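Listed below, chain by chain, are the residues.
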Amino acid sequence: MQITIAQKAQFRGVGLHSGAAVRLVILPAPVDHGIVFVRTDLDGARIPARWDHVTPSQLCTLLDNGEGATVSTVEHVMAALTGTGINNAVVEVNGPEVPILDGSSAPFVRGILEAGLRQQNAPLRAIRVLREVEVQQGEAYARLSPADHLEIHFDIDFVDAAIGHQEKRLDMANGTFVHELMDSRTFCRKADVVKMQESGLALGGTYLNAVVFDGDKVLSPGGLRHRDEAVRHKMLDAVGDLALAGAPLLARYTGHRAGHAMTNRLLRVLFAQPDAWEWVTLTPTMESRLPGAGVLASAQRIAAATRQLAVA
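Keep in mind it's a predicted model, so treat the numbers as computed, not measured.

A.B. asks: Looking at this structure, how should I read the layout of surface pockets?
C.D. replies: Leftover empty space is mapped by rolling, across the atoms, a probe with the size of a water molecule. Volume-wise, the second largest pocket comes out at about 900 Å³. Surrounding the second largest pocket, 43 residues form its lining, Gly85, Ile86, Asn87, Leu124 and Pro248 being those nearest its centre. At the level of secondary structure, the elements contributing two or more residues to the lining of the second largest pocket comprise β4 (35–39), α1 (75–83), β10 (117–119), α5 (229–242) and α8 (295–311). For the lining of the second largest pocket, the residue count by class is 26 nonpolar, twelve polar and five charged.

What follows is the structure in structure tokens.
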């Protein structure tokens, strides 16, 4: 069945690229609503979270409603919504960029789970990929292949020894996003930081909301959360960008040095070929393998166990 958030969840922070203070609120929405961003500073301008509203931008995913309203860096909150199983929500934001928080999806996931989830009385449909589609740019490529649930395979290759070559495959069922990906932070190379800031980007970036690499060193305090945090974050981004399909994807995503723009190009190629995909109404078995299936129940069990330990 379709799912929305049970009550509002509120977040405050700064935009990674703008550096501006921003407030974001996730609110419940009715069935078949999907995810829609609302710019409260622009008289409630609505921006659908869909692949066909993505416009080219540097280093993030930017949505445009075609009437002058935009919102950028949406990938982390979109990944959190997918990872917690939310299909319908209004995401209010009082500026042009989603807050970066700690650079990962973890604060969004925790806020969503604290607010709770509400099952809605309507069946959930998904998009099933029927044949392979692929886009390429130089050595980079992204591919969608048929699968009965979402799988992600990603690899990256950087000259910095602290990153190097990293590769990971994950079956996204059974809360994998929450357990394996949600806390992996955005990253950059120190050599790129000055260039970005000279171009008016990363003005809100700090060592506390991004992992900064310099050769064989990790400059961010506390080091890495995972040895392969870089490739995990690229997978997190892919989950968020694939969420812009507008419904759960039943497919295997393969990314080699891919990024936001390439994943959006992949969705455009997919939907331009009607014989490459189809709508399906999910059965309970299919629903049980979605990324957000069982996440709330698991979180409630952990919270209950923690409370019991505290009392003891």
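A.B. asks: What should I look at first to understand the state of the cysteines in this one?
C.D. replies: One way to say it: the disulfide is the covalent bond shared by the sulfur atoms of two cysteines. The final tally for this structure, using the stated rule, is zero disulfides. Take Cys60: it sits in no disulfide, and the sulfur closest to it among the cysteines is that of Cys188, at 14 Å. Judged by relative accessible area, Cys188 falls into the buried class, the value being 16%.

A.B. asks: Please clarify how unusual backbone geometry should be interpreted in this entry.
C.D. replies: The phi torsion of most residues other than glycine is negative, and most of the peptide bonds are trans. Despite not being glycine, Asp43 shows a phi value in the positive range, around 55°. Position of Asp43 among the secondary structure elements: in the loop between β4 and β5 (45–48). Residue classification places Asp43 among the exposed residues on the basis of a relative accessible area of 80%. For Asn174, which is not glycine, the phi torsion reads 60° and is therefore positive.

A.B. asks: Help me understand the sheet that holds strand β17 (residues 211–214) in this model?
C.D. replies: Hydrogen bonding along the main chain pairs the strands of a sheet, whether they run parallel or antiparallel. If you walk across this open sheet you meet the three strands as β16-β17-β18, and the pairing is mixed. In this open sheet, the two strands that pair with only one neighbour each are β16 (187–189) and β18 (217–218). Where β17 lies against β18, two bridges are found, and the strand directions are antiparallel. Across the sheet, the residue bridging to Asp214 is Lys217, located in β18.

A.B. asks: Looking at this structure, how should I read helix α2 (residues 106–115)?
C.D. replies: Three or four residues apart is the spacing at which side chains of an α-helix point the same way, because the helix has 3.6 residues per turn. Across the ten residues of α2, seven count as buried, placing the element largely inside the fold. Among the residues of α2, Ala106, Phe108, Val109, Gly111, Ile112, Leu113 and Ala115 are the ones counted as buried. Backbone geometry just after α2 places Gly116 at a positive phi near 95°.

A.B. asks: How do you make sense of the nonpolar core when you look at a structure like this?
C.D. replies: One broad rule of soluble globular proteins: the nonpolar side chains tend to lie buried together. Phe37, Leu144, Phe177 and Tyr253 are the most contacted members of the largest nonpolar core, which has 81 residues in total. Here the element with the most residues in this core is α5; it accounts for seven residues. If we skip the residues at most four places from it in the chain, Tyr253 touches Ala142, Arg143, Leu144, Glu151, Ile152, His153, Phe154, Ala238, Leu242, Ala258, Thr263 and Leu266. Counting six residues, the second-largest nonpolar core is a separate cluster that includes Leu124, Ala126, Leu250 and Leu290.

A.B. asks: What am I meant to see in the sheet that holds strand β6 (residues 54–55) here?
C.D. replies: Strand order in this open sheet of three strands is β6-β7-β8, and the pairing throughout is antiparallel. Edge positions in the sheet fall to β6 and β8 (70–72), since each of these pairs with one other strand and no more.

A.B. asks: Honestly, the side chain of Ser220 in this entry has me stumped. Any pointers?
C.D. replies: Note on placement: Ser220 falls in the loop between β18 and α5. In this structure Ser220 touches Tyr207, Ala210, Val211 and Val212, once residues within four positions along its chain are discounted.

Cut-offs used in this document
Residues numbered from 1 in each chain as written. Predicted model: local features only at pLDDT ≥ 70, side-chain atom pairs only at ≥ 80, totals over all residues. Heavy atoms only, no water. 1 Å grid on protein atoms, 1.4 Å probe; cavity = no way out; pocket = protein on both sides within 12 Å on 5 of 7 lines; lining within 4 Å. Points joined across faces, edges and corners; volume = space filled by probe spheres on them. Helix = DSSP H or I, 4+ residues; strand = E, 2+ residues; numbered from the N terminus. Nonpolar A, V, L, I, M, F, W, Y, C, P; charged D, E, K, R; others polar. Disulfide = S-S within 2.5 Å. Buried < 20%, exposed > 50% of the residue type's maximum accessible area, 1.4 Å probe, protein only. Pairing = 2+ DSSP bridges. Core = buried A, V, L, I, M, F, W, Y, C linked by side-chain atoms within 4.5 Å. Contact = heavy atoms within 4.5 Å.

All quantities given are derived from atomic positions and should not be read as evidence of function.
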